[in-house]
Amino acid sequence: MIPWSLVGIQWDQWVVYVFVASTVKCFSRSIDPLRTEPEECKLSGHKDLHLLSPATACCYGKIVKNTSCCMDQQIAPGVTRKTLQRKGMHWNCTEENCWDTVQGPRGRDSFWLPEGATCSTPRTLYTHGGSWMYGSPDTDSYAQLGSRLAKVTGTVVMLTDYPLVPAGNYSSILQWAIDALQWLSLNGPFEGCDEEHGAKRVPLFVGGDSSGGGTTMSLVLTLAKRPQLLGQKLAGAFFFSPWTNLMCNTPEYYSNAFSKIQGSGKFQDDSKLTMYTGDILFQEVTPENADAFNGNAVDYLGGDFELQTDPIASPFFAQPADFAGSLPPLYFAVGASESILGDSVRVAQHAAQGGCDVILEVYHGMWHVFPMYSEGCGLGEPLWAGAYAINQTGLFVRHIHEQGRLPYKLKVEGPNGGPPESSILAKFWQPSVSKVPFFRYLYDPNVRHFSKVGELLPNRDATYSYKDIMKDLAKQSPWIVLPSLTGAAVTIFVMGFCLGGLTEFGGERAVRRFAHGGGWCTGFAGARSTSGTARAPRPIYWGSRSWSLRRSSGA
């Protein structure tokens, strides 16, 4: 016998849960005053893993959907901006020779001045990225980055608006950088900051990111071979995710390829169990990604394939001997998840082997040029790795121009304190010249739950009891739950009323048909006798617990 009353109770419970849960979700999204986290970050799910900080998880969720989003928006406080059109340094961006969105006359430089800047303030030439095809000193968050660099380094930061491919190419862009550095060495941000007015030369730094980092490294190597171009030694150079391998064949194009992992469960925020690894900015499969980089590089080189392995045009192929001489200290900040991670690591190793002082910092889980996302992708709290890399750049620059040396470096010894050439390094070591990079692999200190592998929603099966549902609902605000319960009660009443009426009506019709030999009951209640005469149909009575057939007294 079926316990219809228990079935009804269970059905009622699940109707309550479905209706209340849906209503609570709807109400909580519309009226919860404490919910300030952006929807894109709320639904990213990654924060429930406890292996990514909230800002990193927010950036992952947003950048995967839109690789052009989320870069910094705020200008650093306490800095001022000036612009200058140097004589003869202009070009036009048109639809025929330029693919950038900023069309028209170009070439104007931007300067970011720290508070209290004078003619004796150190200066930095920064070359922006953008695949040599896009960007300017005032777009793609380069104004924001320039202002931050001026503040943390204490230097006057100059960003040039060099001619983009195809209006420019490797040779013209490198020459533009040389001309800009020469001008900056002789002129400051104010009138009277030149040698004609008795101004002395100040420490010069260079920096760049992505393709601009590649051009900056080409500039450093050019000045090492031709120091007469500048007339003074560079004080230092820093790089954010520099693109140095124009063959585009480092192993990370494969090992750091973008991956989307889809599970069957859900995160605690009810979003799908989806996780991302690898390079979230360049999401194509390895052959397509590497081919796209390669085609971009060939365009930059003006179609000259031989330059793809030239040690100056493509510094990845520079040998330790190419870094010997008067190269300045170098600082690299690169993401561990990048397709071009090896572009920084190999150059840093060869530079140190050639005698340079090198600091190499690899940031776990970070993507390409992550310092430009230091605000946290709109979450409201900073991206630790981005902010830390910018501050480390400030420490690098300030320590050099204030103390005359790196903030730290390594001393390498062989066995028992002997010379390194007696150790396993001997194969790569030039006595009294070679060094190794000061290397750090950095984790976000805001992630403190490394023992957890994720908290997912429990399965909504029979083991998830009515009490568990009520416990979940009890955590919600009463202003959300009470209207939901009221609505659920009304819905259950209406549905019960309708179903009850249908059941009563249908049951009555069935009884009548059965009693009078209609439908399928005819073959049972109106059966014929073996003699061929039809028997009278048997009346049907309602018993206390079940249907029963009784013969009438007149049968």
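Rules used throughout
Residues numbered from 1 in each chain as written. Predicted model: local features only at pLDDT ≥ 70, side-chain atom pairs only at ≥ 80, totals over all residues. Heavy atoms only, no water. Phe/Tyr/Trp six-rings, centres within 6.5 Å; stacked < 30°, edge-to-face > 60°. Buried < 20%, exposed > 50% of the residue type's maximum accessible area, 1.4 Å probe, protein only. Lys NZ or Arg CZ within 6 Å of the ring centre and 35° of its normal. Helix = DSSP H or I, 4+ residues; strand = E, 2+ residues; numbered from the N terminus. Salt bridge = Lys/Arg side-chain N within 4 Å of Asp/Glu carboxyl O. Disulfide = S-S within 2.5 Å. 1 Å grid on protein atoms, 1.4 Å probe; cavity = no way out; pocket = protein on both sides within 12 Å on 5 of 7 lines; lining within 4 Å. Points joined across faces, edges and corners; volume = space filled by probe spheres on them. Axes fitted to C-alpha atoms, helices over the stretch in contact; angles between N-to-C directions. Parallel < 35°, antiparallel > 145°, perpendicular 65-115°, else oblique. Left-handed = near helix turned anticlockwise from the far one by under 90°. Contact = heavy atoms within 4.5 Å. Nonpolar A, V, L, I, M, F, W, Y, C, P; charged D, E, K, R; others polar. Expected span 1.5 Å × (residues − 1).

How would you summarise the packing of aromatic side chains if you had to cite specific residues and measurements?
Scanning the entire structure with this criterion turns up 20 aromatic pairs. An angle of 50 degrees between the planes, with centres 4.9 Å apart, marks the rings of Tyr 363 and Phe 370 as tilted. Judged by relative accessible area, Phe 370 falls into the buried class, the value being 0%. Joined through ring pairs, the aromatic side chains of Trp 132, Tyr 170, Trp 243, Tyr 253, Phe 282, Phe 293 and Tyr 300 make up one cluster. A cation over an aromatic ring shows up here: Arg 346 above the ring of Phe 316, its NZ or CZ 4.7 Å from the ring centre.

Describe the environment of Val 345, naming the residues involved and giving the relevant values.
For Val 345, the position within the fold is in helix H9 (residues 341-353). Considered as a pair, Val 345 and Phe 316 are 29 residues apart in the sequence and their alpha carbons are 9.3 Å apart.

If you had to explain the pattern of salt bridges to someone new, which residues and values would you point to?
Applying the stated criterion across every chain yields a total of ten salt bridges. Ionic pairing is found between Asp 109 and Arg 86, a salt bridge with its closest N-O pair at 2.5 Å. Placement of the pair is Asp 109 in strand E4 (residues 109-113) and Arg 86 in the loop between strand E1 (80-84) and strand E2 (91-93), with a sequence separation of 23 residues. Classification of Arg 86 as buried rests on a relative accessible area of 5%. Residue Arg 440 pairs with Glu 361 through a salt bridge whose shortest N-O separation is 2.6 Å.

Now, about the state of the cysteines: what can you tell me, with residues and values included?
Taken as a whole and judged by the stated rule, the model has four disulfides. Across a sulfur-sulfur distance of 2.0 Å, Cys 93 and Cys 98 are joined as a disulfide pair. Disulfide Cys 93-Cys 98: the torsion about the S-S bond is -80 degrees, which places it as left-handed. Between Cys 119 and Cys 193 runs a disulfide, and the two sulfur atoms are separated by 1.9 Å.

Explain the layout of surface pockets to me, and be specific about the residues and the numbers.
Taken as a whole, the second largest pocket spans an internal volume of roughly 750 Å³. What lines the second largest pocket is a set of 29 residues, among which Thr 67, Gly 130, Ser 131, Tyr 134 and Phe 282 lie closest to the centre. Ranked by the residues each element gives to the lining of the second largest pocket, the list is headed by helix H8 (residues 286-300), at four residues.

Run through empty space enclosed by the protein, naming residues and quoting values.
Empty pockets left among the atoms are what a rolling probe the size of a water molecule brings to light. Counting across every chain of the model gives one cavity of 30 Å³ or more. If you trace the largest cavity, you find it lined by Leu 125, Thr 127, Thr 160, Tyr 162, Ile 173, Trp 176 and Ala 177. When residues of the lining of the largest cavity are traced back to their parent elements, those giving at least two are strand E5 (123-127) and helix H5 (170-186). Looking at the lining of the largest cavity, the element that brings in the most residues is H5, giving three residues.

Tell me about the packing of helix H4 (residues 142-153) against helix H10 (residues 384-403), and please be specific about residues and values.
The N-to-C vectors of H4 and H10 enclose an angle of 45 degrees; their axes lie 8 Å apart at closest approach. Considered as vectors, H4 and H10 are oriented oblique to each other. Considering the relative orientation of H4 and H10, their crossing is right-handed. Contact with H4, carried on its side by Leu 145, Arg 148, Leu 149, Lys 151, Val 152 and Thr 153, involves Ile 390, Asn 391, Thr 393, Gly 394, Val 397, Arg 398 and His 401 of H10 and no other residues of that element. Per-class residue counts for the contact of H4 with H10 are five nonpolar, five polar and three charged.

For H10, give the residues involved together with the corresponding values.
Compared with an ideal rise of 1.5 Å per residue, which puts 20 residues at 28 Å, H10 spans 27 Å between its outermost C-alpha atoms and is within 8% of the ideal. Taken together, the buried positions of H10 are Trp 384, Ala 385, Gly 386, Ala 389, Ile 390, Gln 392, Thr 393, Gly 394, Phe 396, Val 397, His 399 and Ile 400. Residues of H10 that are buried make contact with H4, strand E7 (204-209), strand E8 (236-240), strand E11 (330-335), strand E12 (358-363) and strand E13 (438-442). Two residues or fewer after H10 comes Gly 404, characterised by a positive phi angle close to 80 degrees.

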